Amino acid sequence: QVQLQESGGGSVQAGGSLNLSCATSGNFGSMLCMGWFRQAPGKEREGVASIYTRGLMPSWYADSVKDRFTISQDNRKKTTYLQMNSLKTEDSAMYYCAAGPDNYCTFSQSQYNFWGQGTQVTVSS
C-alpha cells in the first residue's frame, strides 16, 4: 500500500510563505492523482489543490487559494509539493495530502484512497 507523509508546516505571519511536501512510499505507480486538503477546527475538510501526476492536465485549485498556492509533482522523488505564498489567517488549518488512482483529479474525497497524517499550518495576524 501507499504511505504518505506531510512536512513543512509551521507558524508564520500573514503575508508569509510555506512550502509543504508530501513524500510517498510503496506502490506509487498506480496513483495518478495527488491532492492537498485542509481542515480547520470545527470546519469541514476542503480541497485545496490537485494534480495529475503524468502532467497532461492543468492543476486544480480552490478559488480561495488561486494565484497564491502552487502544486507541483516530482515523480522521481515521489513527492508532491504545495508552495503557499501570501498566507492569510484563514489559511490556518491542518493540511493533508492524498493519493488516488483516478485520472480526473477533483476535490471529491472518495477519489483518494490514501491519506497522510497532516501537517499544521498556523498564520497569525
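Residues numbered from 1 in each chain as written. Predicted model: local features only at pLDDT ≥ 70, side-chain atom pairs only at ≥ 80, totals over all residues. Heavy atoms only, no water.

> It is not clear to me how the overall build of the protein should be interpreted in this structure. Could you clarify?
Summing up its helical and strand segments, the protein has zero helices and 11 strands in all. Written out in order from the N terminus, the α and β elements of the protein read β-β-β-β-β-β-β-β-β-β-β. A globule of 125 residues ought to have a C-alpha radius of gyration of about 14 Å, and the protein, at 13 Å, matches this closely. In terms of its C-alpha atoms, the protein occupies a principal-axis envelope of roughly 40 × 30 × 25 Å. Considering the protein as a whole, with its 125 residues, one finds that 42% of them fall into the buried category. Expressed as a percentage of contacts within the protein between residues at least 6 apart in sequence, the contacts between residues at least 24 apart total 59%. (Helix = DSSP H or I, 4+ residues; strand = E, 2+ residues; numbered from the N terminus. Rg over C-alpha atoms; globule rule 2.2 N^0.38 Å. Buried < 20%, exposed > 50% of the residue type's maximum accessible area, 1.4 Å probe, protein only. Contact = heavy atoms within 4.5 Å.)

> What should I look at first to understand the environment of Gly100 in this one?
Among the structural elements, Gly100 can be located in strand S9 (residues 93–100). Judged by relative accessible area, which is 0%, Gly100 ranks as buried. Distance in space between the C-alpha atoms of Gly100 and Ser30 is 8.0 Å, their sequence separation being 70 residues. In contact with Gly100, other than residues within four places in its own chain, are Ser30, Met31, Leu32, Cys33, Gln111, Tyr112 and Asn113.

> What is the right way to look at the sheet that holds strand S7 (residues 69–74) in this model?
With antiparallel pairing, four strands are arranged side by side in an open sheet as S1-S3-S8-S7. Taken across any chain shown, the strands that pair with only one partner, and hence form the sheet edges, are strand S1 (3–7) and S7. This sheet shows a mean twist of 15° between the axes of neighbouring strands, independent of strand direction. (Pairing = 2+ DSSP bridges. Axes fitted to C-alpha atoms, helices over the stretch in contact; angles between N-to-C directions.)

> Before we go on, may I ask you to explain the state of the cysteines in this structure?
When the sulfur atoms of two cysteines share a covalent bond, that bond is a disulfide. Counted under the stated rule, the structure contains two disulfides. One disulfide bridge connects Cys22 with Cys97, the sulfur atoms lying 2.0 Å from each other. Disulfide Cys22-Cys97: the torsion about the S-S bond is 60°, which places it as right-handed. Separated by 75 residues along the polypeptide, Cys22 in strand S3 (residues 18–25) and Cys97 in strand S9 bring together distant segments of the chain. Residues Cys22 and Cys97 agree in their burial class; the two are buried. A disulfide bridge connects Cys33 with Cys105, and the sulfur atoms are separated by 2.0 Å. As the torsion about the S-S bond is roughly -90°, the Cys33-Cys105 disulfide counts as left-handed. (Disulfide = S-S within 2.5 Å.)

> What is the right way to read a nonpolar patch on the surface from this model?
A cluster of nonpolar side chains, namely Leu56, Met57, Trp60 and Tyr104, defines an oily patch on the protein surface of about 440 Å² accessible area. Mapping Trp60 onto the fold places it in strand S6 (residues 60–61). Trp60 sits in the partly exposed class, given a relative accessible area of 32%. (Patch = residues over 30% accessible without salt bridge, like charges linked within 9 Å, V, L, I, M, F, W, Y side chains within 5 Å. Areas by Shrake-Rupley, 256 points an atom, 1.4 Å probe, with all protein chains shown as cover. Salt bridge = Lys/Arg side-chain N within 4 Å of Asp/Glu carboxyl O.)

> Sorry if this is basic, but what is going on with unusual backbone geometry here?
Apart from glycine, the bulk of residues carry a negative phi angle, and the bulk of peptide bonds sit in the trans form. One non-glycine residue, Asp67, adopts positive backbone phi at about 75°. Inspection of the secondary structure puts Asp67 in the loop between S6 and S7.

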